[in-house]
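# Commentary on secondary and tertiary structure
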Amino acid sequence: ITELMRGHTSSRPILLGETGHGGGRFVNLSQNNNDNHSKWYVRRTKRTYHDDSSSNNNNNNMHQLSPANEQTHERVLRILATGRFDTVLKGIGNALGVHGLAVYHVSFHGVSHIEQLGESSSMQHAKQQHTHVTETGGGVYKLIIPLLLEENAPPELILWDDNGDETWRG
């Protein structure tokens, strides 16, 4: 997965406006092309994060990789179970005071370039960022696990609350 994402964020990116399956590609990460437990879908994020989203000027090279079928999704869940990810979820749930956390979607994001937006933490900037699970009343959480980070780099992740107030950099 890491090698595939490195290629898409450097020498083999999916081009903006590429036709096909929703602007992305189906890939098989198995040596056996008939293996239905290793089919993935990779797509390029088309949106610019501080500009008009209809613009063709993309200020990032973010790609997203997700299971392309139920067999692959189930395989990922089995791998997480083998690694005792249920213990991680239980610990998070205990810390947040909630019970019954579950994984309902898994994806990997690769990005090596995104333009800085400046230091403002206004709601306008917050809305223009890559957002997930907003306005859920605290019922849905997105767990981000960084695999590769640049050493001595400025913060690669900035979190905002629903009011647009910056809450964490790291």
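Predicted model only: the values in this text are computed from it and were never measured.

## Concerning the overall build of the chain
Helix and strand counts for the chain stand at four helices and six strands. Traced from its N-terminal end to its C-terminal end, the chain shows the element sequence α-β-β-β-α-α-β-α-β-β. Expressed as a percentage of its 170 residues, the buried residues of the chain come to 25%. Contacts spanning at least 24 positions in sequence make up 57% of the contacts within the chain whose residues lie at least 6 apart. Accessible surface, the chain: about 11,600 Å² in total, of which carbon and sulfur atoms supply 50%.

## Quick notes on the pairing of strand 2 (residues 39-44)
Taken together, the five bridges between strand 1 (residues 24-28) and strand 2 define a ladder with antiparallel strand orientation. Bridge pairing links Phe26 to Tyr41 in strand 2. Note: strand 2 against strand 3 (residues 63-67), five bridges, orientation antiparallel. Residue pairing in the sheet places Val42 in a bridge with Leu65 of strand 3.

## Some thoughts on the side chain of Thr9
Its location among the elements puts Thr9 in the loop between helix 1 (2-8) and strand 1. Classification of Thr9 by relative accessible area gives buried; the value is 14%. Side-chain polar atoms of Thr9 contact the backbone oxygen of Met5, separated by 3.0 Å. Not counting residues within four places of it along the chain, the set of residues in contact with Thr9 comprises Asn61, His63, Gly110, Val111 and Ser112.

## Focus: unusual backbone geometry
At Arg84, a residue that is not glycine, the phi angle is positive and equals roughly 65°. With respect to the helices, strands and loops of the structure, Arg84 is situated in the loop between helix 2 (70-82) and helix 3 (85-96).

## Quick look at the packing of aromatic side chains
Tallied over the full model, the rule gives two aromatic pairs. Ring centres of Phe26 and Tyr41 lie 5.1 Å apart, and the angle between their planes is 55°; on these two criteria the pair is classed as tilted. With Phe26 in strand 1 and Tyr41 in strand 2, the pair connects residues that are 15 residues apart, well separated along the chain. Classification of Phe26 by relative accessible area gives partly exposed; the value is 47%. Here Tyr41 falls in the buried class, since its relative accessible area comes to 17%.

## Here we look at helix 2
Counted at 1.5 Å a residue, the expected span for helix 2 with its 13 residues is 18 Å, and the 18 Å between its end C-alpha atoms agrees. Residues of helix 2 that are buried include every one of Thr72, His73 and Val76, and no others. One side of helix 2 holds all its buried residues, which, seen down the axis, span an arc of 105°. Counted as exposed and oriented over 90 degrees from the buried face of helix 2: Glu70 and Thr82. One side-chain oxygen of the residue at the start of helix 2 lies 3.4 Å from the amide nitrogen of Gln71, identifying that residue as Asn69. Looking one or two places after helix 2, you find Arg84, whose phi comes out positive at around 65°.

Criteria and thresholds
- Sequence order as written defines residue numbering, which begins from 1 separately in each chain.
- Restriction of local features to residues with pLDDT of at least 70 applies here, the model being predicted, together with a cutoff of 80 or more for giving and counting side-chain atom pairs; totals for whole chains, interfaces and linings are based on all residues.
- Hydrogens and water are ignored here; the side-chain numbers use all heavy atoms of the structure.
- To qualify as a helix, a DSSP run of H or I must reach at least 4 residues; to qualify as a strand, a run of E must reach at least 2; elements of each kind are numbered from the N terminus.
- For each residue, the accessible area found with a 1.4 Å probe, counting protein chains only, is set against the maximum for its type, and the residue is called buried under 20%, exposed over 50%, and partly exposed in between.
- Throughout, a contact is declared for two residues whenever any of their heavy atoms are within 4.5 Å.
- Surface accessibility follows the Shrake-Rupley procedure with a 1.4 Å probe radius. Residue values consider only the protein chains on display as shielding.
- At least two DSSP bridges between two strands are needed for those strands to be called paired.
- Here a polar contact is taken to be a pair of N or O atoms separated by no more than 3.5 Å, where protein atoms must pair a possible hydrogen donor with a possible acceptor and residues adjacent in sequence count only if both atoms sit in side chains.
- Whether two aromatic rings pair depends on their centres lying within 6.5 Å, for rings of Phe, Tyr and Trp, where Trp uses its six-membered ring; planes under 30 degrees apart make the pair stacked, over 60 edge-to-face, and the rest tilted.
- A helix's residues, less one, multiplied by 1.5 Å, set its expected span.
- The arc in question is traced by the directions running from the helix axis to the C-beta atoms.

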